[in-house]
Amino acid sequence: MKKVTTVCPYCGAGCKLNLVVDNGKIIRAEAANGVTNQGELCLKGYYGWDFLNDTKLLTPRLTQPLIRRQRGGKFEAVSWDEAIRYTAQRLKEIKQKHGPRAIMTTGSSRGTGNETNYVMQKFARAVIGTNNVDCCARVCHGPSVAGLQATLGNGAMSNSIGDIENSKCLLVIGYNCADSHPIVARRVIKAKEKGAQIIVCDPRRIETARIADQHLQIRNGCNMALVNAFAHVLMEEDLYDHDYVAKYTEGFEEYRKNVADYSPEAVAEQTGVSAQQIRQAMRTYAAAPSATIMWGMGVTQFGQAVDVVKGLAGLALLTGNLGRANVGVGPVRGQNNVQGACDMGVLPNEFPGYQSVTDPKVRAKFADAWGIDVDQMDPEVGHRITEIPHLAIEGKVKAYYIMGEDPLQTEADLGLVRKGFEALEFVVVQDIFMTKTAEQADVILPATSWGEHGGVFSCADRGFQRFEKAIEPKYNVKRDWEIISLLATEMGYPMHYNDNQQIWDEMRSLCPLFYGATYEKMGELGHVQWPCTTLESPGTQYLYADNHFDTPSGKGQLFAAPWRAPAEVPDGDYPLVLCTVREVGHYSCRSMTGNCAALQTLADEPGFVQMNPVDAQALGIRDQQLVWVASRRGKVISRVNYNERINLGAVYMTYQWWIGACNELTQDNLDPISKTPETKYCAVKVEQI
Ligand code: SF4
């Protein structure tokens, strides 16, 4: 029997755990004493390993390479040699005929690790010759990255998960941490126990709202109006830090003008939050000796999300709540390695280490290191994954190489996504399970899973942590970066790595932000937060320590924009708002957690729709009744769960089930900057069957 200390693969909290292995099988998980989890785990951490032992798999594990030579035909098992040869040949043909920008690739924000993401973006840029590489940050915290980069200079949490419990005020907006990051929710509870004021802005009476000192039960789709009203109060009541604003920010007068019309009284009816509540929230936030703002996808999955993120950064700048311990802004990243996928340049606009693809010096540096002519590097920003359905239908994208993502379940407006897939000439899926997307692939490349390989993850607070291999893979599968390297070599670009560390060290040598985060240091400290620019540095607990922001001028940028309505608002035909959420027992599209016996038992029934009993009874619908939920794009069967914590006029469904898949209903109104879809808001109706 042995114990392997590793990192949980299920959310950005980055909890450390021990996998106890006996005779090649995992028999249990135990909490380890990681920097972020301090010896605690949530139920996914305790029970999310079962699929590695092959017990009761609902979704088949991919065990060998498969090719489908004709659409609609059957998959045929092939050797690795043949799968690599066939895939390389098809990609080369498409590149030759349609150009490199006709090929799209994804990295993965899940258990593959940072090394694999580095290799995947290198494959896109050096082998294909395109910046068409993206990840699921596009559909979750993409607006946080864009909004924070524009206002503060870095698109990540400015603070640390460990800081949260020592803050004296937590403003939690659009973030149900109890379901999405239970161990972060523990920090919120600890902060409360230590005397912090908790302010929650959320349409639902979520778990955190139950312990909050103030719950602002905002109407769905009104975030910008509320955030502007917050800024208005800080200025009107003279609650802001004049000295900090004068020394460290820019744009104050324009900002003041832009929020002038957003008095609490002016927005009270629209937002559903009284003027008194709005004023009290800002009096509490501004008076606290240390205050932190935390948000999730209740902020980012809207068509105006980047503006709202900029507005939230503005509140922190106005009050000087940046650049020291226990304060800051915290977009808490969802999937376990979505921060890492961004860190590693699985983004269409940035190389690893957030270095712009449009900067000729940066392109030259990477071309030199990768041994290619700089003219082979794509000088333009690449496609985003949310643009692919449209680009495929228009004939501009022909091939899609998808690693560890399941767009045919997790993206908005699945009818549109399916049409996009039908228009593609060639789809390669590299994954561990036969997902909805894998079912539509032309080639399937089976990879090792978390538990069967090691590497480095980045947790939500910029912390690099090493995770370890616990068991040997049982099937004819390969490591993700090994598969990509074989493809690169077959396509004429020899790519050979011996191990993870060799990849990591190549990456570090090209990324000043991460240069000092060596394998040895991660081994010694357990958790190394970037920036870590020198071999001596232990990493950075919080950003902007000297109130110098990483913007072109070095100053924080104040910003406010007028509120815009969501793209599709309820009307007589579709009178309710649909908001997509997640459930605590499952992770993303459930391909891993759905194959764990304990989590199957603990989780809710598939495809439920949460409704306030008042709304349901007005439609004559009983609790637990089967219903149709329909939008202008489709309809699904679902079972009603009465829930008095749900606000009137809205219903909530998780995107995690393919039965009652709510993305059949959602719409793809994209934020104009981040191209993130508005999956938190569309109009639906609920009807009896
Ligand atoms: Fe920790 Fe998140 Fe894993 Fe739960 S799912 S154990 S909170 S990392």
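Residues numbered from 1 in each chain as written. Predicted model: local features only at pLDDT ≥ 70, side-chain atom pairs only at ≥ 80, totals over all residues. Heavy atoms only, no water.

A.B. asks: Whenever I open this one, the pattern of salt bridges confuses me. Can you help?
C.D. replies: Opposite charge on two side chains permits them to pair, given that their charged atoms come into close proximity. Using the criterion set out here, one finds 35 salt bridges in the structure. Notably, a salt bridge pairs Arg283 with Glu237, separated by 2.8 Å at the nearest N-O pair. Residue Arg283 is found in helix H12 (residues 275-287), and its partner Glu237 is found in the loop between helix H8 (223-236) and helix H9 (242-248); the two are separated by 46 residues along the sequence. Relative accessible area serves as the criterion here: at 24%, Glu237 is assigned to the partly exposed category. The salt bridge partner of Glu439 is Lys436, with a shortest N-O separation of 3.7 Å. (Salt bridge = Lys/Arg side-chain N within 4 Å of Asp/Glu carboxyl O. Helix = DSSP H or I, 4+ residues; strand = E, 2+ residues; numbered from the N terminus. Buried < 20%, exposed > 50% of the residue type's maximum accessible area, 1.4 Å probe, protein only.)

A.B. asks: Would you mind showing me how to read a nonpolar patch on the surface here?
C.D. replies: A surface patch of nonpolar side chains, amounting to about 280 Å² of accessible area, comprises Tyr46, Tyr47 and Leu602. Position of Tyr46 relative to the elements: it lies in helix H1 (residues 43-47). For Tyr46, a relative accessible area of 31% gives the class partly exposed. (Patch = residues over 30% accessible without salt bridge, like charges linked within 9 Å, V, L, I, M, F, W, Y side chains within 5 Å. Areas by Shrake-Rupley, 256 points an atom, 1.4 Å probe, with all protein chains shown as cover.)

A.B. asks: Honestly, the environment of His586 in this entry has me stumped. Any pointers?
C.D. replies: Relative to the elements of secondary structure, His586 occurs in the loop between strand E23 (576-581) and helix H23 (597-602). Accessibility expressed as a relative area gives 3% for His586, which makes it buried.

A.B. asks: What exactly am I supposed to notice about the sheet that holds strand E1 (residues 2-7) here?
C.D. replies: Within a sheet, adjacent strands bond to each other through the backbone by hydrogen bonds, running parallel or antiparallel. Strand order in this open sheet of three strands is E1-E2-E3, and the pairing throughout is antiparallel. Strands with a single pairing partner mark the edges of an open sheet, and in this sheet they are E1 and strand E3 (25-31). Recorded for the sheet is a direction-independent mean angle of 30 degrees between the axes of neighbouring strands. One ladder, built from six bridges, connects strand E2 (residues 16-22) with E3; its direction is antiparallel. Note that in E3 the partner of Leu19 across the bridge is Ala29. (Pairing = 2+ DSSP bridges. Axes fitted to C-alpha atoms, helices over the stretch in contact; angles between N-to-C directions.)

A.B. asks: Would you explain the side chain of Asn663 in this entry?
C.D. replies: Residue placement: Asn663 occurs in the loop between strand E27 (650-654) and strand E28 (682-688). By relative accessible area, which is 2% here, Asn663 ends up buried. For Asn663, the side chain forms a polar contact with the main-chain oxygen of Gln409, separated by 3.0 Å. (Polar contact = N/O pair within 3.5 Å; in protein donor to acceptor, adjacent residues only side chain to side chain.)

A.B. asks: Any chance you could explain the sheet that holds strand E25 (residues 626-631) here in plain terms?
C.D. replies: Read around the closed barrel, six strands run E23-E27-E24-E26-E25-E28, paired in mixed fashion. Neighbour-to-neighbour, the strand axes of this sheet turn through a mean angle of 45 degrees, independent of strand direction. Pairing geometry for E23 and E27, over five bridges, is parallel. Note on E27: the bridge partner recorded for Thr580 is Met653.

A.B. asks: Would you mind showing me how to read the environment of Ser274 here?
C.D. replies: Following the sequence through the fold, Ser274 ends up in the loop between helix H11 (264-271) and H12. Distance in space between the C-alpha atoms of Ser274 and Thr36 is 36 Å, their sequence separation being 238 residues.

A.B. asks: Would you mind going over the site of the ligand with me for this structure?
C.D. replies: Lining the immediate surroundings of the ligand are Cys8, Tyr10, Cys11, Ala13, Gly14, Cys15, Leu41, Cys42, Lys44, Gly45, Pro182 and Ile183. Within the residue set of the shell around the ligand, elements represented by two or more residues are H1 and helix H6 (182-193). Of the residues belonging to the shell around the ligand, the class tally is nine nonpolar, two polar and one charged. (Near = heavy atom within 4 Å. Nonpolar A, V, L, I, M, F, W, Y, C, P; charged D, E, K, R; others polar.)

A.B. asks: Help me out: how do you make sense of the packing of aromatic side chains in this one?
C.D. replies: For any pair of aromatic rings, geometry is given as the distance between the ring centres together with the angle between the planes. A full pass over the atoms with the stated rule returns 18 aromatic pairs. Ring geometry for Phe123 against Tyr401: centres 5.7 Å apart, planes inclined by 90 degrees, an arrangement best described as edge-to-face. Of this pair, Phe123 sits in helix H3 (residues 114-128) while Tyr401 sits in strand E16 (residues 399-403); the two residues are 278 residues apart in sequence, bridging distant segments of the chain. Phe123 gets classed as buried once you look at its relative accessible area, which sits at 0%. Ring centres 6.1 Å apart and planes at 55 degrees place the aromatic pair Phe351 and Trp370 in the tilted group. With Phe351 in strand E14 (residues 350-351) and Trp370 in helix H16 (residues 360-370), the pair connects residues that are 19 residues apart, well separated along the chain. Within the aromatic cluster, the residues linked to one another by ring pairs are Tyr354, Phe464, Trp504, Phe514, Tyr519 and Trp530. The lysine or arginine in question, Arg68, covers the ring of Phe75, its NZ or CZ lying 4.1 Å from the ring centre. Between Lys635 and the ring centre of Trp628, over which it is positioned, the NZ or CZ distance is 4.2 Å. (Phe/Tyr/Trp six-rings, centres within 6.5 Å; stacked < 30°, edge-to-face > 60°. Lys NZ or Arg CZ within 6 Å of the ring centre and 35° of its normal.)

A.B. asks: So what exactly am I meant to see when it comes to the pairing of E27 here?
C.D. replies: Consecutive side chains along a regular strand alternate between the two faces of the sheet. Counting buried residues in E27 gives five out of five residues, a clear majority hidden from the surface. The alternating pattern of E27 places Ala650, Tyr652 and Thr654 on one face and Val651 and Met653 on the opposite face, and all of these are buried. Of the pairings in the sheet, the one linking strand E24 (residues 608-611) to E27 comprises three bridges and is antiparallel in character. In the strand pairing of E27, Met611 is matched with Val651.

A.B. asks: Teacher, can you tell me more about H12 here?
C.D. replies: Side chains of residues three or four places apart in an α-helix project in the same direction, reflecting 3.6 residues per turn. In this model, H12 (13 residues) spans 18 Å end to end at C-alpha, consistent with the 18 Å of a helix rising 1.5 Å per residue. Among all positions in H12, only Ala275, Ile278, Arg279, Ala281, Met282, Thr284 and Tyr285 are buried. (Expected span 1.5 Å × (residues − 1).)

A.B. asks: I tried to follow the domain arrangement of the protein on my own but got confused; where do I start?
C.D. replies: Often, the extent of an interface is quoted as the loss of accessible area on bringing the components together. Here the domain parsing of the protein yields domain 1 (2-53), domain 2 (66-139 + 336-529), domain 3 (142-332) and domain 4 (576-688). The distance between the C-alpha centroids of domain 1 and domain 3 comes to 33 Å. At the junction of the two partners, domain 1 supplies 12 residues and domain 3 supplies 11 residues. Buried surface at the junction of domain 1 and domain 3, both sides included, amounts to about 830 Å², of which 55% is carbon and sulfur. Across the salt bridge formed by Glu40 and Arg186, the nearest N and O atoms sit 3.0 Å from each other. Our count for the domain 1 to domain 3 interface comes out at five residue pairs in polar contact (both at pLDDT 80 or more). Tallied by class, residues from the side of domain 1 that touches domain 3 come to six nonpolar, four polar and two charged. (Domains from an automatic or database assignment. Contact = heavy atoms within 4.5 Å. Buried area = accessible area lost by both parts, 1.4 Å probe.)

A.B. asks: Explanation requested: helix H4 (residues 142-151) in the structure shown.
C.D. replies: The element H4 is extensively covered by neighbouring structure, given that seven of its 10 residues are classed as buried. All of the buried residues along H4 are Gly142, Pro143, Ser144, Val145, Gly147, Leu148 and Thr151. If you follow the buried residues of H4, they end up packed against strand E12 (291-295), helix H13 (297-300), helix H14 (305-319), strand E13 (328-331) and strand E22 (556-557). Trailing H4 by a residue or two, Gly153 shows a phi angle of about 115 degrees, which is positive.

A.B. asks: When you look at unusual backbone geometry in this model, what are you seeing that I'm missing?
C.D. replies: Most peptide bonds adopt trans geometry, and most residues besides glycine take a negative phi value. Following Trp530, the chain continues into Pro531 via a peptide bond in cis, with omega recorded as 0 degrees. Mapped onto the fold, Pro531 is located in the loop between strand E21 (528-529) and E22. Even without a glycine there, the phi angle at Asn547 is positive, about 60 degrees. Here Asn547 is to be found in the loop between E21 and E22. The buried category is assigned to Asn547, whose relative accessible area is 17%. The phi dihedral of Gln624 falls on the positive side, at around 75 degrees, and the residue is not glycine. Looking at where Gln624 falls in the secondary structure, it is placed in the loop between helix H24 (613-618) and E25.

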